[in-house]
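# Descriptive analysis of the structure
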Amino acid sequence: MSAEAEKLRNEIIAAIDAAQDMRALEDVRVAALGKKGSVSALLKTLGGMSNEERQINGPLFNALRDKLTEAIQAKKAALDSAALNARLSEETLDMTLPIAPDAQFQGRIHPVSQAMEEINAIFADMGFDVAEGPDIESQFYNFTALNIPDAHPARQMHDTFYMQAEEDGEALLLRTHTSPVQVRTMQDGQKDKSGPPFRFIAPGRTYRCDSDQTHTPMFHQVEGLVVDATTHMGHLKHTLEAFLAAFFEVENIAIRFRPSYFPFTEPSMEIDMQCHRDGDKLVVGEGNDWMEIGGSGMVNPHVLRHAGIDTEKYQGFAFGMGIDRLAMLKYGAPDLRSFFEADLRWLKHYGFVPIDVPGLAAGLSDKSLAALSADK
Ligand code: PHE
């Protein structure tokens, strides 16, 4: 290599070594390999050389450029890991320090999460499994498998949020109810031979294009399904009564079935719960008033067949209730929209202490700890 090229190489290598940070290194790179850089200028001199000179210098200059590129990359990696190490050593946490006083009282469990935990605990105690399904659903599971055919007005009834359709397929949607989990769970159960019989609930998020004091575009439902050889409406009624009494922590709650229509149940009933309005206050489990809390019915054989169940042998009931509504009624929060505004003051007031885990033995919504922390 010419003395000139060698000198250039040594200078640049020294500059790379000396670079203290990414900015400095980038300056070195631009000064050497950039369009107007020194190495680029050297490469341009090849154009003015004789053939023999070019045959000797061409490979040398190119090798020089490659070597410098490599050296810059290596330095870059070294700077990167040095920066990471510096950050890691700065961000250490001493896990042996005692926790700050009252730290366990700072976070809060949202009333909807609390209500879901309570619902799971009650139904688990009655021998129900807890099933889940996706929030983003196909039209098949949200509608077709539930006996809601194409162009059925119920598809409009639900104010569905549709996704942009894929080129080769139909549009997915945000599930408008938890009922699609019925069919998914029954299908899975047949595959892994865990059922029938089936006995499960499916709590989760649901979505409809709707917003006012009692509706939010995202809300929560709990689905329930029992399918067995002799399951009948009496079982449904008892299950709902037992659940509601446990949830509202009262001796008894009367319910009333009102005839209704759902394509996936036959017969179909609205579920009303006994209550009493005392001015603004609502007392459940007594009085002569009724409050609607969900829908229910005997599973339509079409739905069972979509799930591959032998309808000669099996029948069942299903119900769906609004969890937010149940939480509002139990904890006395008046406006549903405030549930999802993420206002810390609201959460401090209506939230639950994390270590106070709902269970039937120790009390579902024992607020003693919350009360304790509220004093602080
Ligand atoms: N999926 C119905 C709704 O969201 C409720 C329901 C569930 C009704 C199960 C009957 C049986 O309106």
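The shown structure was predicted, so the numbers you read here are calculated from the model rather than taken from an experiment. (Residues numbered from 1 in each chain as written. Predicted model: local features only at pLDDT ≥ 70, side-chain atom pairs only at ≥ 80, totals over all residues. Heavy atoms only, no water.)

What the domain assignment reports for the protein is domain 1 (3–86) and domain 2 (108–357 + 366–375). Spacing between the C-alpha centres of domain 1 and domain 2 amounts to 67 Å. (Domains from an automatic or database assignment.)

Attention now goes to unusual backbone geometry. Of note, the bond from Gly195 into Pro196 is cis; its omega dihedral lies within 30 degrees of zero at 0°. Here Pro196 is to be found in the loop between helix 8 (180–191) and strand 4 (198–207). Here the amide bond leading from Glu266 into Pro267 is cis, since omega sits at 0°, within 30 degrees of zero. Within the element layout of this structure, Pro267 appears in strand 7 (residues 265–278). (Helix = DSSP H or I, 4+ residues; strand = E, 2+ residues; numbered from the N terminus.)

A few words now on the site of the ligand. Taken together, 14 residues form the shell around the ligand, and within it His177, Ser179, Arg208, Gln221 and Glu223 come nearest. Under a 2 Å grid-point criterion requiring more than half of the atoms, the pocket assigned to the ligand is the largest pocket. Contributing elements (two or more residues each) for the shell around the ligand: strand 5 (218–228), strand 9 (289–299) and strand 10 (315–322). The element that contributes the greatest number of residues to the shell around the ligand is strand 10, accounting for three residues. Residue composition of the shell around the ligand, grouped by class: four nonpolar, eight polar and two charged. (Near = heavy atom within 4 Å. 1 Å grid on protein atoms, 1.4 Å probe; cavity = no way out; pocket = protein on both sides within 12 Å on 5 of 7 lines; lining within 4 Å. Sits in = over half its atoms within 2 Å of the grid points. Nonpolar A, V, L, I, M, F, W, Y, C, P; charged D, E, K, R; others polar.)

With that settled, the discussion passes to the layout of surface pockets. Approximately 850 Å³ is the volume attributed to the largest pocket. Arg208, Phe219, Gln221, Glu292 and Gly322 are the residues nearest the centre of the largest pocket, which is lined by 37 residues in total. Going through the elements one at a time, helix 7 (153–157), strand 5, strand 6 (255–262), strand 7, strand 9, strand 10 and helix 11 (323–331) are the ones with two or more residues in the lining of the largest pocket. By residue class, the composition of the lining of the largest pocket is 14 nonpolar, 15 polar and eight charged. (Points joined across faces, edges and corners; volume = space filled by probe spheres on them.)

To continue, consider the pairing of strand 4. Buried residues dominate strand 4, accounting for eight of its 10 residues. Pairing between strand 4 and strand 5: 10 bridges, direction antiparallel. Its bridge partner being in strand 5, Gly204 is matched across the sheet by Gln221. (Buried < 20%, exposed > 50% of the residue type's maximum accessible area, 1.4 Å probe, protein only. Pairing = 2+ DSSP bridges.)

Before going further, it helps to examine the side chain of Ser40. Along the chain, Ser40 falls in helix 3 (residues 38–44). Judged by relative accessible area, which is 14%, Ser40 ranks as buried. Within polar-contact distance, the side chain of Ser40 engages the backbone oxygen of Leu33 at 3.3 Å. Discounting chain neighbours no more than four positions away, the residues touching Ser40 are Ala32, Leu33, Gly34 and Lys35. (Polar contact = N/O pair within 3.5 Å; in protein donor to acceptor, adjacent residues only side chain to side chain. Contact = heavy atoms within 4.5 Å.)

As for its placement among the helices and strands, Glu223 is situated in strand 5. One buried charged residue, Glu223, forms no salt bridge at all, with the nearest opposite charge on Arg175 at 8.4 Å. Engagement of the side chain of Glu223 in a polar contact is seen with the side chain of Thr178, the distance being 2.8 Å. (Lys, Arg positive; Asp, Glu negative; His and termini not counted. Salt bridge = Lys/Arg side-chain N within 4 Å of Asp/Glu carboxyl O.)

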